[in-house]
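Structural overview for review
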Amino acid sequence: MTTNPATEPAPASARRAKLTASGVDVFYGPKHAIKKVSIDIAEREVVAFIGPSGCGKSTFLRCLNRMNDTIAACRVTGDIRLDRDDIYAPDVDVVQLRARVGMVFQKPNPFPKSIYDNVAYGPRIHGLAGSKSELDGIVEHALKGAALWKEVADRLDSPGTGLSGGQQQRLCIARAIAVSPEVILMDEPCSALDPIATAHVEELIDELRARYTIVIVTHNMQQAARVSQRTAFFHLGELVEENDTSVIFTNPRDERTQGYITGRYG
Amino acid sequence: MASHIVKSYDEQLRKLNDTLVRMGGVVESQISAAMQALTRRDPDLALATVAGDARVDELERQVDEQVVTLLALRQPMASDLRLVVGSLRIASDLERMADYAKNVAKRSVALSQMTPVSIAATLPRMGRVAQEMVKDVLDAYVARDVDKAVAVWNRDEELDALHASLFRELVTHMMEDARNITPATHLLFIAKNLERIGDHATNVAEAIHFQVVGRMLSDARPKGGEASVAVVVPGATAGDA
């Protein structure tokens, strides 16, 4: 009746794992940034990574589509699989991988091009459209998917950088989904947005969940609570605890999680 | 537990706790005063007890306000969330207990005008058990003592059994002498009030369990007697009832 919840193993997600990380370590030169992290990320679910600054959550996120490859001093060991395929295998085409695992960043970063070209860029380089009308269709579909179509349909030729912050972020989401990814990684996608624009993006995340697997890094715990089904808490490079979001925010098992989410000294 | 980075948050939680503890103290003394008024046939104390219920209502309103403010301004999480939500439930249970105490006091005013019914020691004993349950559950709240809360939760069985036996006793009195019907009916309601106070004490125990452990007390609570559905046949002896 009064058993200690900390002794019971956290239940895994009921869904099939889309991404599986096992024993992942990341080093930035001598710094051991991620320590033996293992996690299953279920398909068509939103997983939130939370934790204090410098805990490694963004670093780990960037392992999931090999964005860390671009940092010379960064070394990743361990095993990360997308649908059982080792994404660090020598024969993996990183550009193809990043089409399957798309990314949205903290600050909206549209290309200095038209709204249309921002979205059409990915489909063009991946050769996804055989004709202009097919490309038009992809762009429209992506903009609709990002809940931006109604606002920009009559000005697709205007520069993407002329949109408001919230619209720019949705444009970046449209750009990410235009190449039909399977997973979308979001690194603090709302931290530069006002509450209304944030609500639009959160609503969009909720809709995107029907088709994509989404991993979101956020400093806003209410946001993690609102948009995710599973939450993972990182601390000093370790994955401390991962569980259903409702459990993490009402009854976390680890003292460190408890301290962080209630705003106490850890 | 470590303190919050924002100190005023700790202060607000501490104030909520203080209000609830104060409310618990007032409810305890209301129940005890109502039982004294009943056993001593003291209408003045009874009327003072009835008037005293307003203080409990005021304290419940304060808890409600503090909880709403905390939810709106702090968005409490995890153990803090459970503390705040649990406090709301506990305040509402305490308020109900005080209502039952008020009803006991009201009926004791009426009873003090009537010939006493000899009901041996069962009713005062019920009063004692109910008061002990309330005291223990409040101690459990202050000490965050889950084991003590669970003990109160289990003890409700005893109160239910006393209620069932008092029910049979009073029905027997009514059958023996029709003049007993009015006072015995008041006593039946008083017994029911005490039994309900015990039920609310178990609710508080459940809220404490939730606050501390983070899960509901889910096992079915033991039952000591079903007075309200006991069958009494005129002409049968009390033992058969």
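Every value quoted in this text rests on a predicted model; they were computed, and no experiment measured them. (Residues numbered from 1 in each chain as written. Chains lettered and ligands numbered in written order. Predicted model: local features only at pLDDT ≥ 70, side-chain atom pairs only at ≥ 80, totals over all residues. Heavy atoms only, no water.)

**Notes on the sheet that holds strand β8 (residues 213-217) of chain A**
All names here are of chain A. Ordered by their spatial adjacency, six strands build an open sheet running β6-β7-β8-β3-β9-β10, and the pairing between neighbours is mixed. Looking at which strands have only one partner, the edges of the open sheet turn out to be β6 (101-104) and β10 (238-244). Sheet twist, expressed as the mean angle between neighbouring strand axes with direction ignored, is 20°. Inspection of the sheet shows strand β3 (residues 46-50) paired to strand β9 (residues 230-235) by four bridges, in the parallel sense. Directly across from V47, in β9, lies its bridge partner R230. Contacting β6 and β7 (183-187), helix α6 (residues 165-177) crosses the sheet at an angle of about 170° to β6. (Pairing = 2+ DSSP bridges. Helix = DSSP H or I, 4+ residues; strand = E, 2+ residues; numbered from the N terminus. Axes fitted to C-alpha atoms, helices over the stretch in contact; angles between N-to-C directions. Contact = heavy atoms within 4.5 Å.)

**Some points on the layout of surface pockets**
All names here are of chain A. Size it by volume and the second largest pocket reaches roughly 460 Å³. Around the second largest pocket, the lining comprises 19 residues; the ones closest to its centre are R98, G102, M103, Y121 and R175. Elements represented by at least two residues in the lining of the second largest pocket include exactly α2 (94-100), β6, α3 (115-125) and α6. Counted by class, the lining of the second largest pocket contains twelve nonpolar, five polar and two charged residues. (1 Å grid on protein atoms, 1.4 Å probe; cavity = no way out; pocket = protein on both sides within 12 Å on 5 of 7 lines; lining within 4 Å. Points joined across faces, edges and corners; volume = space filled by probe spheres on them. Nonpolar A, V, L, I, M, F, W, Y, C, P; charged D, E, K, R; others polar.)

**With respect to helix α1 (residues 7-39) of chain B**
Between its first and last C-alpha, α1 of chain B extends 48 Å over 33 residues, near the 48 Å set by a 1.5 Å rise per residue. Following α1 of chain B by one or two positions, R41 of chain B adopts a phi angle in the positive range, close to 50°. (Expected span 1.5 Å × (residues − 1).)

**Some points on the pairing of β6 of chain A**
Residues and elements named next belong to chain A. Burial of β6 is two-sided: the residues V101 and M103 facing one way and the residues G102 and V104 facing the other way are all buried. Pairing analysis gives four bridges linking β6 to β7, with the strands arranged parallel. Within β7, the position partnered with M103 by the bridge is L185. (Buried < 20%, exposed > 50% of the residue type's maximum accessible area, 1.4 Å probe, protein only.)

**Some thoughts on the interface of chain A and chain B**
Taken together, the contact pairs 17 residues of chain A with 23 residues of chain B. Both sides together, the interface formed by chain A and chain B hides about 1700 Å², and carbon and sulfur atoms give 54% of it. On the surface where chain A and chain B come into contact, there are one salt bridge. Between R264 of chain A and D80 of chain B there is a salt bridge, with its nearest N and O atoms 2.8 Å apart. There are eleven residue pairs in polar contact (both at pLDDT 80 or more) connecting chain A and chain B. Put simply, the parts of the chain that give the side of chain A that touches chain B at least two residues each are α8 (221-227), α9 (245-250) and α10 (255-262) of chain A. (Buried area = accessible area lost by both parts, 1.4 Å probe. Salt bridge = Lys/Arg side-chain N within 4 Å of Asp/Glu carboxyl O. Polar contact = N/O pair within 3.5 Å; in protein donor to acceptor, adjacent residues only side chain to side chain.)

**Considerations on the environment of L185 of chain A**
Residue and element names in this part refer to chain A. Its place among the elements puts L185 in strand β7. Along the chain, L185 and D93 lie 92 residues apart, while their C-alpha atoms are 18 Å from each other. Aside from chain neighbours lying at most four places away, what touches L185 is L61, L64, N65, V101, G102, M103, V104 and V215.

**What to know about the confidence of the model for chain B**
Across chain B, the average pLDDT comes to 90, with 89% of residues at or above 70. Listed scores for the predicted complex are pTM 0.81 and ipTM 0.75. (pLDDT = per-residue confidence, 0-100.)

**Some details on the packing of aromatic side chains**
Residue and element names in this part refer to chain A. Going through the model one piece at a time under the given rule, you end up with five aromatic pairs over all chains. Judged by centre distance (5.7 Å) and plane angle (40°), the ring pair of F49 and F60 falls under tilted. Here F60 lies in helix α1 (residues 57-63) and F49 lies in strand β3, a separation of eleven residues in the sequence. Each of the two residues, F49 as well as F60, counts as buried. Aromatic side chains F60 and F234 sit 5.7 Å apart centroid to centroid with 40° between the ring planes, which places their arrangement in the tilted category. With F60 in helix α1 and F234 in strand β9, this pair connects stretches of sequence that are 174 residues apart. (Phe/Tyr/Trp six-rings, centres within 6.5 Å; stacked < 30°, edge-to-face > 60°.)

**Comments concerning the packing of α1 of chain B against helix α4 (residues 122-143) of chain B**
Residues and elements named next belong to chain B. In contact at an axis separation of 11 Å, α1 and α4 are set at 170° when each is read in the N-to-C sense. Put simply, α1 runs roughly antiparallel to α4. Seen from α1, the contacting residues are N17, L20, V21, G24, G25, E28, I31, S32, M35, L38 and T39; seen from α4, they are L123, P124, G127, Q131, V134, K135, L138, Y141 and V142. Each residue belonging to the contact of α1 with α4 can be placed in one class, and the counts come to eleven nonpolar, seven polar and two charged. (Parallel < 35°, antiparallel > 145°, perpendicular 65-115°, else oblique.)

**Some points on the environment of I39 of chain A**
All names here are of chain A. You can see I39 is positioned in strand β2 (residues 31-42). When the C-alpha atoms of I39 and L239 are compared, they prove to be 8.4 Å apart, with 200 residues separating the residues in sequence. Excluding its chain neighbours within four sequence positions, the residues that come into contact with I39 are L19, T20, A21, F49, F60, A232, L239 and E242.

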